[in-house]
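Observations on chain architecture
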Amino acid sequence: MIANDPYIAVPGGPAGHPGLVARLVNRLHLDGEWDGALALLGGADSDGTGDGTAAIRARILVDRRWWRLDDPAPAERAVTGLEDPVLRGYLAAQLAYTRMLFALGPRPGDEQVVHAGLREAARDATTRGWATFWQGVVADNVQGDPDTARQRYGESLALCRDGDDLLLESYIVRHQGAHLIESDRRAGEMLLRRSLYLRSALGARPQTAAAQATLAYELPPGQERDLLVLAARSAASELGLTWLNKQLTEPPQPT
């Protein structure tokens, strides 16, 4: 995987929250409108727990923390309060990984939190695909073990296709493409494009912007690259995507 790849995603979504509100929450979450999604759930600090609302709120807050690198306290409170130990550990692993990757006050034991949370989540049918993928990311970015990373990406790809999870597939092929880009540029670029196409089709705006930037920086100077960077900058600015804004205002670098 290309180093310093700041992506995050969470398994599932508000499918357990019935009706129109669930669809609106899901749509706003994919749009990167985290505050709007949280407002529909009663706010970031609401104590409502019915119909899995606490789990949905925690997922959204962890996702917002990743993209915006904002105050971690609301996400940490939401995760700590979860009753499901597997989801609690999985999301705690995401928060710990965020601290480590961006050097945002990493804590003693964070690496252990990451490994333990992902290991347990990889044993659970609900979270297995995403957790296996993130084990690959950690192998790449924390352990410096690309062989294990590639193995985990392959395993998670099989799982996501069994479950028809296109968002997860977009993450996996993006990382597989990054591994291929040096040895087989055409094949690697094709996977980066597939990641972008999947994210665009799903309407996942933060992820699409990140994919646009990733692909742009692997292309030679020219109109396509310029258009991709322009589109990524627009979305990153509008949505307040902290790390992506920084990358897009600095000289091109792997993402």
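Notes on the structure in this doc start here.

Some details on the overall build of the chain
In terms of regular secondary structure, the chain is built from 13 helices and zero strands. Scanning the chain from its N terminus toward the C terminus, one meets helices and strands in the order α-α-α-α-α-α-α-α-α-α-α-α-α. Looking at the chain as a whole, 49% of its 255 residues are labelled buried. Taking as baseline every contact in the chain between residues at least 6 positions apart, the subset at least 24 positions apart corresponds to 59%. Accessible area for the chain stands at about 11300 Å²; split by element, carbon and sulfur atoms hold 52% of it.

Description of helix H8 (residues 146-162)
With 17 residues, H8 extends 24 Å from end C-alpha to end C-alpha; this agrees with the ideal 24 Å at 1.5 Å per step. Looking only at H8, the buried set comprises Ala149, Tyr153, Ser156, Leu157 and Cys160. Along the axis of H8, the buried residues cluster in a sector spanning 110°; they form a single face. Structural note: H8 exposes Asp147 and Asp162 on the side pointing more than 90 degrees away from its buried face. Where H8 is buried, its residues meet helix H7 (128-141) and helix H9 (166-180). Once H8 finishes, Asp164 follows within two positions and takes phi at roughly 55°, a positive value.

Section: the packing of aromatic side chains
Scanning the entire structure with this criterion turns up ten aromatic pairs. Here Trp67 and Trp243 contribute two aromatic rings whose centre-to-centre distance is 5.1 Å and whose plane-to-plane angle is 25°, an arrangement assigned as stacked. Taken together, the residues Trp67 in helix H3 (residues 53-68) and Trp243 in helix H13 (residues 242-248) connect sequence positions 176 residues apart. Here the two residues Trp67 and Trp243 agree in accessibility, since each one is buried. The rings of Trp66, Tyr97, Phe102, Trp130, Phe133, Trp134, Tyr153 and Tyr171 are connected pair by pair, giving a single aromatic cluster. Directly above the ring of Tyr171 sits Arg199, whose terminal nitrogen or CZ lies 4.5 Å from the centroid.

Quick notes on H7
Look at H7: 20 Å from first C-alpha to last across 14 residues, which is about the 20 Å you get at 1.5 Å a residue. Burial analysis of H7 places eleven of its 14 residues in the buried class, which makes it a mostly covered element. Taken together, the buried positions of H7 are occupied by Gly129, Trp130, Ala131, Thr132, Phe133, Trp134, Gly136, Val137, Val138, Ala139 and Asp140. Those residues of H7 that are buried lie in contact with helix H5 (85-102), helix H6 (110-121), H8 and H9.

Brief notes about the pattern of salt bridges
In this structure the tally under the stated criterion is 16 salt bridges. Through salt bridges with shared partners, one network takes in Asp35, Arg64, Arg68 and Asp70.

With respect to the side chain of Thr208
Mapped onto the fold, Thr208 is located in helix H11 (residues 205-216). When residues no more than four places from it in sequence are discounted, the contact partners of Thr208 are Leu196, Arg199 and Ser200.

A look at the environment of Leu41
By secondary structure assignment, the location of Leu41 is in the loop between helix H2 (34-40) and H3. Separated by 15 residues in sequence, Leu41 and Ile56 place their C-alpha atoms 8.6 Å apart.

Focus on the packing of helix H10 (residues 185-202) against H11
For the pair H10 and H11, interaxial distance at closest approach is 8 Å and the crossing angle is 160°. Relative to H11, the element H10 is oriented roughly antiparallel. As for the relative orientation of H10 and H11, their crossing is left-handed in sense. On H11, the residues touching Glu189, Leu192, Arg193, Ser195, Leu196, Arg199 and Ser200 of H10 are Gln207, Thr208, Ala210, Ala211, Gln212, Thr214 and Leu215. Residue composition of the contact of H10 with H11, grouped by class: five nonpolar, six polar and three charged.

Some remarks on the nonpolar core
The biggest cluster of nonpolar side chains holds 69 residues, and the ones touching the most others in it are Phe133 and Leu244. The contacts of Phe133, once residues within four sequence positions are left out, are Tyr153, Ser156, Leu168, Tyr171, Ile172 and His175.

Thresholds, definitions, all that
- Residues numbered from 1 in each chain as written.
- Predicted model: local features only at pLDDT ≥ 70, side-chain atom pairs only at ≥ 80, totals over all residues.
- Heavy atoms only, no water.
- Helix = DSSP H or I, 4+ residues; strand = E, 2+ residues; numbered from the N terminus.
- Buried < 20%, exposed > 50% of the residue type's maximum accessible area, 1.4 Å probe, protein only.
- Contact = heavy atoms within 4.5 Å.
- Areas by Shrake-Rupley, 256 points an atom, 1.4 Å probe, with all protein chains shown as cover.
- Expected span 1.5 Å × (residues − 1).
- Arc of directions from axis to C-beta.
- Phe/Tyr/Trp six-rings, centres within 6.5 Å; stacked < 30°, edge-to-face > 60°.
- Lys NZ or Arg CZ within 6 Å of the ring centre and 35° of its normal.
- Salt bridge = Lys/Arg side-chain N within 4 Å of Asp/Glu carboxyl O.
- Axes fitted to C-alpha atoms, helices over the stretch in contact; angles between N-to-C directions.
- Parallel < 35°, antiparallel > 145°, perpendicular 65-115°, else oblique.
- Left-handed = near helix turned anticlockwise from the far one by under 90°.
- Nonpolar A, V, L, I, M, F, W, Y, C, P; charged D, E, K, R; others polar.
- Core = buried A, V, L, I, M, F, W, Y, C linked by side-chain atoms within 4.5 Å.

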